[in-house]
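Structural description and commentary
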Amino acid sequence: MVWNGKIVKVFEMVVNYNSANLDEKIMKQEKGNFSCPAFACAIFEQNVYTLEPTRVNVRTFQGTVKQVLQFTEQEGDPFLASINGTFLAIGTTQGVVKIFDLGRREAKSIGGSMNLKQQLPNFGTLRELGISCDGSKVTMTVIKRNNVPDSNLYIWNLEKDALGYFDFERGY
C-alpha cells in the first residue's frame, strides 16, 4: 500500500517462478485505489485503516467505508498507527492512545485509553508508537513541548493501566 495524503493505492506483490531457468520475477497487481485525505494508513488482512480528521475509517481496498472508529475533539485527530498481530494502536494529536482488536468481524476498542498530556508534564506530541503482539503493552516515544525528543521510551501496560519508562539518557 502506498499513499500521498490524497490517494491510496493497494498492491499485491506476486512472485512468478520459472523452474526452467531458476528465475524469479516479482510483479505488482493493483488491488484498488481511492481518494482519501489520510494523515496515515495501515493495512490488515482485507482492510485499509485510514487515519483522517476525527476518525479512523476501515475501508475495503476500493475505498468503501465498512466501519468508522470515531474520536472526540478532546481526544484529537488520529495521526499515528501501529499494527502487530491482530491489534491496532492509534495515537492522536492530543496525546491520546487507544487500542483496537482487529481479530473480529469489526474492530473493537479494548481497555481504556492513555492520555499522555495528563500523564507527562512536558508532553508535546507523539513521535512513534508500537504495540505488542498480544495487545498487552504499547511503547511510545514523544517530543517535548520545546520540540526536543524525550530520551524516555514509555511503556503502557494495559493489564495494569500503568505507564512506565526507560530513560536512554540515564541508562535505567
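This text gives an overview of the structure that appears in the document.

How each quantity is defined
- Throughout, a residue's number is its position along its own chain's written sequence, starting from 1.
- It should be noted that, the model being predicted, local features are given only for residues of pLDDT at least 70 and side-chain atom pairs only at 80 or more, the latter also being counted only at that level, while totals for whole chains, interfaces and linings use all residues.
- Side-chain measures were taken over the full set of non-hydrogen atoms in the model, leaving aside hydrogen atoms and water.
- Every definition here rests on a 1 Å grid over the protein atoms only: cavities are sets of points where a 1.4 Å probe fits but cannot get out, pockets are open sets enclosed by protein on both sides within 12 Å along at least five of seven lines, and lining residues have some atom within 4 Å of a point.
- Grid points are joined across faces, edges and corners, and a volume is the space filled by probe spheres set on the points.
- Going along the chain from the N terminus, every DSSP run of H or I of four or more residues is numbered as a helix, and every run of E of two or more is numbered as a strand.
- Lys, Arg, Asp and Glu make up the charged group, whereas Ala, Val, Leu, Ile, Met, Phe, Trp, Tyr, Cys and Pro make up the nonpolar group; the residues left over, Gly among them, are polar.
- What makes two residues a contact is simply this: any of their non-hydrogen atoms within 4.5 Å.
- Here a polar contact is taken to be a pair of N or O atoms separated by no more than 3.5 Å, where protein atoms must pair a possible hydrogen donor with a possible acceptor and residues adjacent in sequence count only if both atoms sit in side chains.
- Burial classes: relative accessible area under 20% of the type maximum marks a residue as buried, over 50% as exposed, and values in between as partly exposed (1.4 Å probe, protein chains only).
- Here, a strand pair is defined by DSSP locating no fewer than two bridges between the strands.

1. Overview of the layout of surface pockets
What the largest pocket holds in volume is close to 190 Å³. For the lining of the largest pocket, the elements supplying multiple residues, two or more each, are β5 (47-52) and β7 (65-70). Taken together, the residues that form the lining of the largest pocket break down as five nonpolar, three polar and five charged.

2. A short note on the environment of N152
Of note, N152 is situated in strand β14 (residues 152-157). For the pair formed by N152 and C36, sequence separation is 116 residues and the distance between their alpha carbons is 34 Å. Residues contacting N152, with those up to four places away along its chain left out, are M140, T141, Y165, F166 and D167. At 2.9 Å, the side chain of N152 forms a polar contact with the side chain of Y154.

3. Things to note about unusual backbone geometry
If you check the backbone angles, E45 has positive phi at about 50 degrees while not being a glycine. Take E45: it is sitting in the loop between β4 (40-44) and β5. For T54, which is not glycine, the phi dihedral falls at a positive 65 degrees. Take T54: it is sitting in the loop between β5 and β6 (55-59). Under the relative-accessibility criterion, T54 is labelled partly exposed at 30%.

4. Quick word on the pairing of β6
In terms of burial, β6 is largely enclosed, as four of its five residues are buried. Note: β5 against β6, five bridges, orientation antiparallel. By the bridge assignment for β6, V48 is matched with R59. Where β6 lies against β7, five bridges are found, and the strand directions are antiparallel. Each bridged residue has a counterpart across the sheet, and for V56 the counterpart in β7 is L69. Counted between consecutive antiparallel strands, the loop separating β6 from β7 contains five residues, among which G63 sits at a positive phi close to 105 degrees.

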